[in-house]
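Given next are the chains, with one letter for each unit.
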Amino acid sequence: MSDSIGPEPYKFKMVEPLRQTSREDRERLIAEAGYNVFNLRAEDVYIDLLTDSGTSTMSQFQWAALLLGDESYAGSRSFFRFQETVTNITGYPYVLPTHQGRGAENILAAMLIQPGSVIPGNMHFDTTRAHIKLKGATPLDLVIAPGLDPEDCHPFKANIDLGRLEGVLQEHGSRKVPFVLITVTCNNNGGQPASMENVRSAAEICRRYRVPLFFDAARFAENCYFIRTRESGYQDREILRIAQEMFSYGDGCVMSSKKDGLVNIGGFMAFSDETLYRQACGLAVIYEGFPTYGGMAGRDMEALSVGLQEVLELPYLRFRIEQVAHLAGRLQEGGVPIVLPPGGHAVYLDARRFAPHIPQREFRGQALVVALYVEAGIRGVDLGPSMFGEEDTATGHEKYPDLELVRLAIPRRAYTNAHMDFVADSILEIYHNRVNLRGLKMVYQTPILRHFTCRFDYA
Ligand code: F0G
């Protein structure tokens, strides 16, 4: 058998009908939504690539596991099964469920961050940045330079720049740096992985300065798959063993189970250190729930325990990563500028090169997102200035992020490659007619995480 993408390593037992709307409908619906796709109704979307978060299809084993949920307030059997699963994968004995990833981030921030703290990482995701800033601290993105170049084919574009990390720790020390956070894979620059060697070296630096290292593990299995396929010495290693090694270099993790947990809601944090765990439990009781459920139903912890094991299976991961690569390959063949190499959970269009005729201040990524919806009913998301830019309140000017990307996130086990081909054909069509793309102006925004609620109009 060839190594190229084969069919799905599963078949469908339940289907959810999709609805196609007319172009005229979509023009009206997107105008009513203030040209912000977060304001659309999902049933008005044909192929929903807004996010891979909470959009996975569960397996028959996960649905069956739901029936085993123990809904006891304290000491639920489902919690202990879940804890055992997480500890087996991470090696961290202390596990605290949360309602989703940002619940875990909130607790980590409340435990460890002081006003004036500095939090280095490879690239913090938006909710993480928001939690850090809400505590009066500064998030520092120290990803290596190739990580910020969409055309650079470096195999590990989420690697943290070790020299800069050491520099920050030397300057501020553990007094100002309560922890370092490595996000695997890195969502902001293309679903890119960090290498085992980079994680190991970063951990060694952190240890020298007595600063704990945490992982944002939302897409840990996809990161481990890239280590297996791209880093020498790992080709024959089970994904579970790769994950165990990776986590062994850290002191704990925060997790959005909505991604590589293969469930629709949930999160957790896990620690190697009991003192940190006890501290987290104190806050969990206020913000999340009693430490053996932390915002999750017993049945959801059961489904998550199964999902965390299924996500490590090689046939699943191989198809997953190759499906993303398939869409990326179709676009690349047609000359569409995308982030290379393709990442783990999404294909990212480079809006800067896609629509250079639209000025930066006119949200060219968002213009592309709007066109994708109007032309084909596909929902992507702008990971450019609308999400990572911000208005400088002193000057009223926009501060622009390094990258202007449009993310097409692929839900796990949800769409077929025929769907991906439809997406590719639609984007190629828009690319050929790209001179017609129109810029936007933001007419309403909030100070924090503005992309969820902001509104636009044509510029
Ligand atoms: N960390 C990363 C790397 C993420 O991508 C996300 C969420 C979170 C943390 C927060 O987790 O949603 O469970 O609270 N990312 C979603 C996305 C929203 O679309 O990429 P959460």
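For clarity, every value in this text was computed on a predicted model and none was experimentally measured.

A separate point is the side chain of E288. Mapped onto the elements, E288 comes out in the loop between α10 (274-287) and α11 (298-310). In this structure E288 is buried but unpaired, with R102 as the nearest side chain of opposite charge at 9.3 Å. Excluding anything up to four places from it in sequence, E288 contacts T98, H99, G103, I107, Y293, G294 and G295.

Contact geometry for helix α14 (residues 364-376) and helix α16 (residues 417-432): axes closest at 10 Å, N-to-C directions at 115°. Regarding α14 and α16, the two cross each other, and that crossing is right-handed. The segment α14 lies against α16, with L368, A371, L372, E375 and A376 engaging F422, S426, I427 and I430.

With that settled, consider the site of the ligand. Neighbouring the ligand are 16 residues, the closest being T51, R102, D216, S256 and K259. Contact distances for the ligand include 2.8 Å between an oxygen atom and a side-chain N or O atom of N187. Contacts to the ligand include S256, whose side-chain N or O atom sits 2.6 Å from an oxygen atom. Out of a free accessible area of 470 Å², the ligand has 94% covered by protein chains. Sorting elements by how many residues they give to the shell around the ligand places helix α4 (residues 101-112) first, with three residues.

This paragraph deals with the sheet that holds strand β9 (residues 346-350). Taken together, three strands build an open sheet; the order of strands is β9-β14-β11 and the sheet is antiparallel. With partners counted over all chains shown, the strands left at the sheet margins are β9 and β11 (381-383), one partner each. Ignoring which end each strand starts from, the neighbouring axes of this sheet average 35° apart. Strand direction decides the pairing type here: β9 and strand β14 (residues 405-409), joined by five bridges, are antiparallel. The residue of β14 that forms the bridge with D350 is L405.

This brings us to unusual backbone geometry. Of the consecutive residues V184 and T185, the connecting peptide bond is found in the cis state with omega at -25°. Residue P341 is bonded to the preceding L340 through a cis peptide linkage, with omega at -15°. The topology assignment puts P341 in the loop between α12 (314-333) and β9. The residue Y35 is not glycine, and still its phi comes out positive at about 55°. Along the chain, Y35 turns up in the loop between α1 (23-32) and β1 (47-48). Y35 gets classed as buried once you look at its relative accessible area, which sits at 11%. If you check the backbone angles, L262 has positive phi at about 55° while not being a glycine. Tracing the sequence through the fold places L262 in the loop between β7 (252-256) and β8 (267-271). The class for L262 is buried, based on a relative accessible area of 0%.

What follows is about the domain arrangement of the protein chain. By domain assignment, the protein chain separates into domain 1 (23-52 + 314-458) and domain 2 (60-310). Here domain 1 and domain 2 have C-alpha centroids that lie 26 Å from each other. Taken together, the 33 residues of domain 1 in the interface contact 38 residues of domain 2. Buried area between domain 1 and domain 2, both sides added, is near 2800 Å², and the carbon and sulfur share of it is 60%. In this structure, the connection of domain 1 to domain 2 is made through six salt bridges. Counting every contact that joins domain 1 to domain 2 gives 18 residue pairs in polar contact (both at pLDDT 80 or more). Contributions of two or more residues to the side of domain 1 that touches domain 2 are made by α12, β9, α15 (385-388) and β14. The greatest single-element share of the side of domain 1 that touches domain 2, amounting to six residues, is contributed by α12. Broken down by class, the residue content of the side of domain 1 that touches domain 2 amounts to 19 nonpolar, four polar and 10 charged.

Reading the values: the criteria
- Residues numbered from 1 in each chain as written.
- Predicted model: local features only at pLDDT ≥ 70, side-chain atom pairs only at ≥ 80, totals over all residues.
- Heavy atoms only, no water.
- Helix = DSSP H or I, 4+ residues; strand = E, 2+ residues; numbered from the N terminus.
- Buried < 20%, exposed > 50% of the residue type's maximum accessible area, 1.4 Å probe, protein only.
- Lys, Arg positive; Asp, Glu negative; His and termini not counted.
- Salt bridge = Lys/Arg side-chain N within 4 Å of Asp/Glu carboxyl O.
- Contact = heavy atoms within 4.5 Å.
- Axes fitted to C-alpha atoms, helices over the stretch in contact; angles between N-to-C directions.
- Left-handed = near helix turned anticlockwise from the far one by under 90°.
- Near = heavy atom within 4 Å.
- Polar contact = N/O pair within 3.5 Å; in protein donor to acceptor, adjacent residues only side chain to side chain.
- Areas by Shrake-Rupley, 256 points an atom, 1.4 Å probe, with all protein chains shown as cover.
- Pairing = 2+ DSSP bridges.
- Domains from an automatic or database assignment.
- Buried area = accessible area lost by both parts, 1.4 Å probe.
- Nonpolar A, V, L, I, M, F, W, Y, C, P; charged D, E, K, R; others polar.

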